[in-house]
Amino acid sequence: MLIPCPYCGPRDLSEFTYQGDATRVRPDPGSTDQAAWNAYVYDRVNTAGDHSEFWQHSGGCRAHLRIVRSTLTHEVKSVAYARDSIHERSRA
Amino acid sequence: MVEIVSALEPVYRRGAHGNRDGGSAITLWETQPGSIVQVTSWPGKEGAALAAINAAASLDVTADAGAGVFSDTRSAFGFAPGRWLMVDQAEGMGDTLRDRIDTQTGTVTDLSHGRTAIAIEGERAEWVLSKLFALDFSLAAFPVSVGKSTAHHEFFTLIQRTATDRFDLYVYRSFARSFWQLLCTSAEEVGYTVD
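Residues numbered from 1 in each chain as written. Chains lettered and ligands numbered in written order. Predicted model: local features only at pLDDT ≥ 70, side-chain atom pairs only at ≥ 80, totals over all residues.

Asks: Explanation requested: the overall build of chain A in the structure shown.
Replies: In terms of regular secondary structure, chain A is built from 2 helices and 6 strands. Ordered by position in the sequence, the α and β elements of chain A form the string β-β-β-α-β-β-β-α. In chain A, which comprises 92 residues, the share counted as buried stands at 18%. Considering only contacts within chain A whose residues lie at least 6 apart along the sequence, 48% involve residues at least 24 apart. (Helix = DSSP H or I, 4+ residues; strand = E, 2+ residues; numbered from the N terminus. Buried ≥ 20, exposed ≤ 12 C-beta atoms within 10 Å, placed from the backbone. Contact = placed C-beta atoms within 7 Å.)

Asks: Whenever I open this one, the interface of chain B and chain A confuses me. Can you help?
Replies: Where interface size is quoted, it is often the accessible area lost as the parts come together. Taken residue by residue, the interface counts 10 residues in chain B and 10 residues in chain A. Breaking the side of chain B that touches chain A down by element, the ones donating at least two residues are strand E5 (74–80) and strand E9 (147–152) of chain B. In terms of residues, the side of chain B that touches chain A owes the most to one element, E9 of chain B, which gives 4 residues. For the side of chain B that touches chain A, a count of residues per class yields 7 nonpolar, 2 polar and 1 charged. (Nonpolar A, V, L, I, M, F, W, Y, C, P; charged D, E, K, R; others polar.)

Asks: Got a minute to help me understand the packing of helix H1 (residues 46–57) of chain B against helix H2 (residues 93–100) of chain B in this structure?
Replies: For any two helices packed against each other, one specifies the crossing angle of their axes together with the interaxial distance. Residue and element names in this part refer to chain B. Running from N to C, H1 and H2 cross one another at 135 degrees; their axes reach a closest spacing of 10 Å. By the angle between their axes, H1 is oblique relative to H2. Relative to H2, H1 is oriented so that their crossing is right-handed. Residues Ala52, Ile53, Ala55 and Ala56 of H1 lie in contact with H2, whose contacting residues are Thr96, Leu97 and Arg100. Considering only residue class, the contact of H1 with H2 consists of 5 nonpolar, 1 polar and 1 charged. (Axes fitted to C-alpha atoms, helices over the stretch in contact; angles between N-to-C directions. Parallel < 35°, antiparallel > 145°, perpendicular 65-115°, else oblique. Left-handed = near helix turned anticlockwise from the far one by under 90°.)

Asks: Could you clarify how one ought to interpret the pairing of strand E5 (residues 64–70) of chain A in this entry?
Replies: Two faces, one strand: in a regular strand the side chains alternate between the faces of the sheet. Residue and element names in this part refer to chain A. As paired elements, strand E4 (residues 50–56) and E5 share 7 bridges and run antiparallel to each other. Paired with Gln56 across the strands is His64, a residue of E5. Where E5 meets strand E6 (residues 76–81), 5 bridges bridge the pair, whose relative direction is antiparallel. Paired with Arg69 across the bridge in E6 is Val76. Where E5 folds back on E6, the antiparallel hairpin that results is connected by 5 residues, among which His74 adopts a positive phi of roughly 65 degrees. (Pairing = 2+ DSSP bridges.)

Asks: How do you make sense of the sheet that holds strand E3 (residues 17–21) of chain A when you look at a structure like this?
Replies: The pairing of strands in a sheet comes from backbone hydrogen bonds and takes either a parallel or an antiparallel form. Residues and elements named next belong to chain A. Taking strand neighbours across the sheet as the criterion, the 4 strands line up as E3-E4-E5-E6 in an open arrangement whose pairing is antiparallel. Strands with a single pairing partner mark the edges of an open sheet, and in this sheet they are E3 and E6. For this sheet the average axis-to-axis angle between neighbouring strands, irrespective of direction, equals 30 degrees.

Asks: Explain the domain arrangement of chain B here, please?
Replies: Residues and elements named next belong to chain B. Looking at the assigned domains, one finds that chain B contains domain 1 (20–32 + 114–194) and domain 2 (35–110). Taking the mean C-alpha position of each, domain 1 and domain 2 sit 23 Å from one another. Tallying the contact residues gives 11 residues for domain 1 and 13 residues for domain 2. Of the residues in the side of domain 1 that touches domain 2, the class split is 4 nonpolar, 5 polar and 2 charged. (Domains from an automatic or database assignment.)

Given below as structure tokens:
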């Protein structure tokens, strides 16, 4: 599988580290809602299709990326710097 | 300045090695630059950091991904967003850059004692490096002066192409001896000379 890093270009999967589901939204750190924290830590949808994920180009430019990947075909649909998507989320 | 002792010294065997049919297809040597410096800019300060590098080193690095330049004594290239490696055969480039890049622009990390610089040159340089790294080393995909960051297992490596048949590699000093032995083993097939 090749991942097209926005800085380095297409690179082999072996240079990347999976960093988890990018659809999760962390509860307010001050929250004591046990159900919300349980869902954040443990609940996963296990999508069959396009899935938003965090990866790090750990064996390259070290950038943290947000990738939309098909879990059925491993086709990478989109790649962006994670910081950009996080900034967009915080602005929203 | 403190004398830099080569990390490769116990395993650095000058001369011709490996397959001798047709002579050596590549030459390996340690370049031992006096300065290896990493510059990292804060987001939005890339232009200021790059201007400081170019002014300090009399180079002309552009902001494009992986863009690099080199001369007989100096080289510089980008290897990550907002990060550049600057190499000088003379000592003291770390201090020079630190004077020009303030903490509001970015950081300067002197890696002169923390990295080992290895050159590989010859008609089969691309072939040998392709055994180690999942990169396309062809001239079209990896033009002269461009830099790339990559890894072979634990060997995180920065590579700059400094001629059509030459690559300069920068590896962690603590892994350098092991990497050198791996590089030599990989080159045995084509025959190599340690200069």
